[in-house]
Amino acid sequence: MRDDRSSSDRSGTGGIDLHLDPRARVGSGELAASLRTAIREDRLPPGSRVPSTRDLADDLGVSRGTVTRAYELLVAEGLLLTRQGASTVVADTEPPIRRHARESPVRRPTDLHWDLRPGKPDLSMFPRSDWLAAQRRALRHVPAAELDYGHPAGHPLLREALAEYLGRVRGVRTSPERIAVFGGYGEALRVLAEVLLRRGTPSVDFEDPSLPKLRDIAGEAGLRVNGVPLDESGFDPRGSHSPVLVVTPAHQYPLGVTMSAARRAELSRLARTEDRLVVEDDYDGEFRFDREPVGALQRWAPEQVIYAGTASKTLAPGLRLAWLALPERLVEPVRERKADGDRTPPVTEQLTLAEMLRSGSYDQHVRRCRAGYERRRRRIVAALTESEVRHELYPAGIAAGLHLTLRLAPEGLSEQRVLRRLRRHSVAVEGLAEHWMDDRRRQEGLVIGYAAPPGHAFGPALRTLLRVLSES
Ligand SMILES: Cc1ncc(COP(=O)(O)O)c(C=O)c1O
């Protein structure tokens, strides 16, 4: 990599603002994520030509293969179009994708018929009547004055209900004063990154692999983002040197492993003795199928660990409700930063969730979903074990959550080929390779969201998936 490169050289590549950190090592996953963001934010509008792989590789000081892999990923996702003998252009995707560019950092709609994308709950299970009943009860009692501009940390009733719920269900040691409510985890991470940057934090460690869009949020806020490798015991704290790290200990995303007890103990010891901050992204901690869920890491170091939860997996991503349980020293800085940006979800939705939690209907709903998702996971694992694709695709990770990760045997099928075929048969899943920052570590595979389709569509979606895989 050329080291005389200024940040404006890199970010202005071919006239596109790619927001790449000039100091970081750019892999194909990173590059694809930056291009994806540029497309979604209309910095690269439909029909515009992207630079040739040679030009972009030269501009960025990366290998041509890195750019080619990034382009291939975006072609497979339908964001770029290649034509024989012509330049690669940005595809004309559905208008809603562009209009709601920053709505969720994590997912956008698909036009494919069988939606098996990870991270989505079965939205047809949304507890409409419980939600309506809770909203009616909440609104009947709310004093008019509470419909004014809300508390920057979130409505006190919701913070109270969350503190009780998180303590009871996830073992989190917190209080209503330490909770802050956000319009999604992505927004919480953005606010946290801004607060940390102002406090002089230069860099943050993410698990490698992890969700590129979440790393982008930290990077866009101005933090340098490093990747720390994982193994079967999860995140290895010995590979982490930044003052802040973001981890998914209960159910690693995307690999699905859980952090071992020894690693948890080591991480909380390290955080305490070296005064580091850990963001614990507990995005699907309620869904463990083979045993009682392992409690939150936060309980072992509440002054070091920022616990993050979301309603996106338990209820619906469209609610845009998530929360942090903060160490004492971050409570005020986070409130101030939130108040600056007016970043708190509608008070009516907060009160409704508070009432769902208080009345027990949230717990009941989670129990119903857990039973349904467990059945689906068993079905998909059994079907894969019986099918001939078992030699090519290996399930990874524990029996938990909303997604199943399948690794492709290195000498077998290519991920891009499988993704292209699935797309042609209108099956939406995600590739595994794009989640790595470091190309040397990347592995190919599929990340399958078995929770996403409504009940009636799960069987046909699974059959289509298996048929395409076995013909690939
Ligand atoms: C790893 C991970 N963390 C957190 C979230 C939750 O994000 P949000 O609350 O913004 O929907 C998701 C959602 O897909 C996720 O996959």
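Model, not experiment: these values are computed from the prediction.

A. Representation of the overall build of the protein chain in the model. Helix and strand content of the protein chain: 15 helices and 16 strands. For a compact globule of 472 residues, the expected C-alpha radius of gyration is about 23 Å, and the protein chain comes in at 22 Å, within 12% of that figure. Principal axes of the C-alpha set define a box for the protein chain whose edges measure 65 × 55 × 45 Å. Contacts in the protein chain between residues far apart in sequence, at least 24 positions, make up 73% of those at least 6 positions apart. Total accessible area computed for the protein chain in this model is approximately 19700 Å², and 50% of it derives from carbon and sulfur atoms. Computing the positive centroid from 72 side-chain charges and the negative centroid from 66, the protein chain places the two 3 Å apart.

B. Representation of the packing of aromatic side chains in the model. One pass over the full model with this rule turns up 4 aromatic pairs. Arranged with centres 5.8 Å apart and planes meeting at 85 degrees, the rings of Y253 and Y283 form a pair that is edge-to-face. Taken together, the positions of Y253 in the loop between β8 (244-247) and α10 (261-273) and Y283 in the loop between β9 (277-281) and β10 (305-310) put the pair 30 residues apart, joining distant regions of the chain. Y253 sits in the buried class, given a relative accessible area of 7%. Look at Y283 and you get buried, because its relative accessible area is 9%.

C. Structural detail: the sheet that holds strand β15 (residues 430-431). Spatial ordering of the open sheet is given by β12-β13-β16-β15, a layout of 4 strands whose pairing is antiparallel. Taken across any chain shown, the strands that pair with only one partner, and hence form the sheet edges, are β12 (393-396) and β15. Helix-sheet contacts for helix α13 (residues 361-386) involve β12, β13 (403-408) and β16 (445-449), and the interaxial angle to β13 is about 20 degrees. Running at roughly 40 degrees to β16, helix α14 (residues 415-424) makes contact with β13, β15 and β16 of the sheet.

D. Expanded view of the packing of α14 against helix α15 (residues 455-471). Following both chains from N to C, one finds α14 and α15 inclined at 135 degrees, their axes separated by 10 Å at the closest point. Taken together, the axes of α14 and α15 lie oblique to each other. For the pair α14 and α15, the crossing hand works out as right-handed. Touching V418, R421 and L422 of α14 are L465, V468, L469 and E471, all from α15. Class assignment for the residues of the contact of α14 with α15 results in 5 nonpolar, no polar and 2 charged.

E. Structural detail: helix α11 (residues 328-341). For α11, the full list of buried residues reads L330, V331, V334, R335, R337 and K338. Looking at the buried residues of α11, the elements they touch are α7 (156-170), β4 (179-182), α8 (185-198), β9 and β10. Taken from the residues just after α11, D342 is the one with a positive phi, measuring 55 degrees.

F. Quick look at the site of the ligand. Near the ligand there are 14 residues, and of these Y185, D281, T310, S312 and K313 occur at the shortest range. Residue S312 places a side-chain N or O atom 2.6 Å away from an oxygen atom belonging to the ligand. K313 is positioned such that a nitrogen or oxygen atom in its side chain is 2.3 Å from an oxygen atom of the ligand. When isolated, the ligand has an accessible area of 390 Å², and the protein chains bury 98% of it.

G. Here's a closer look at the domain arrangement of the protein chain. What the domain assignment lists for the protein chain is domain 1 (7-99), domain 2 (114-125 + 364-471) and domain 3 (128-359). Summarising the inter-unit geometry, the C-alpha centres of domain 2 and domain 3 are found 26 Å apart. On the domain 3 side, the residues contacting the 32 residues of domain 2 number 34 residues. Buried area between domain 2 and domain 3, summed over both chains or domains, comes out near 2800 Å², and the portion from carbon and sulfur atoms is 61%. When the buried area of domain 2 at its contact with domain 3 is split by residue, I398, H435 and M437 rank highest and sum to 23% of it. Inspection of the region where domain 2 meets domain 3 yields 3 salt bridges. Note that D208 and R441 form a salt bridge whose closest N and O atoms lie 2.9 Å from each other. Along the contact surface separating domain 2 from domain 3 lie 13 residue pairs in polar contact (both at pLDDT 80 or more). Those elements giving two or more residues to the side of domain 2 that touches domain 3 turn out to be α13 and β13.

H. The arrangement of the pairing of strand β11 (residues 322-325) in detail. With burial as the criterion, each face of β11 is covered, one bearing A322 and L324 and the other bearing W323 and A325. In this sheet, β11 lies alongside β4 in antiparallel orientation, the contact comprising 4 bridges. Looking across to β11, one finds that F182 is bridged to A322. As paired elements, β10 and β11 share 4 bridges and run antiparallel to each other. Of the residues in β11, the one forming a bridge with G309 is W323.

The rules we used
- Residues numbered from 1 in each chain as written.
- Predicted model: local features only at pLDDT ≥ 70, side-chain atom pairs only at ≥ 80, totals over all residues.
- Heavy atoms only, no water.
- Helix = DSSP H or I, 4+ residues; strand = E, 2+ residues; numbered from the N terminus.
- Rg over C-alpha atoms; globule rule 2.2 N^0.38 Å.
- Contact = heavy atoms within 4.5 Å.
- Areas by Shrake-Rupley, 256 points an atom, 1.4 Å probe, with all protein chains shown as cover.
- Lys, Arg positive; Asp, Glu negative; His and termini not counted.
- Charge placed at Lys NZ, Arg CZ, Asp CG, Glu CD.
- Phe/Tyr/Trp six-rings, centres within 6.5 Å; stacked < 30°, edge-to-face > 60°.
- Buried < 20%, exposed > 50% of the residue type's maximum accessible area, 1.4 Å probe, protein only.
- Pairing = 2+ DSSP bridges.
- Axes fitted to C-alpha atoms, helices over the stretch in contact; angles between N-to-C directions.
- Parallel < 35°, antiparallel > 145°, perpendicular 65-115°, else oblique.
- Left-handed = near helix turned anticlockwise from the far one by under 90°.
- Nonpolar A, V, L, I, M, F, W, Y, C, P; charged D, E, K, R; others polar.
- Near = heavy atom within 4 Å.
- Polar contact = N/O pair within 3.5 Å; in protein donor to acceptor, adjacent residues only side chain to side chain.
- Domains from an automatic or database assignment.
- Buried area = accessible area lost by both parts, 1.4 Å probe.
- Salt bridge = Lys/Arg side-chain N within 4 Å of Asp/Glu carboxyl O.

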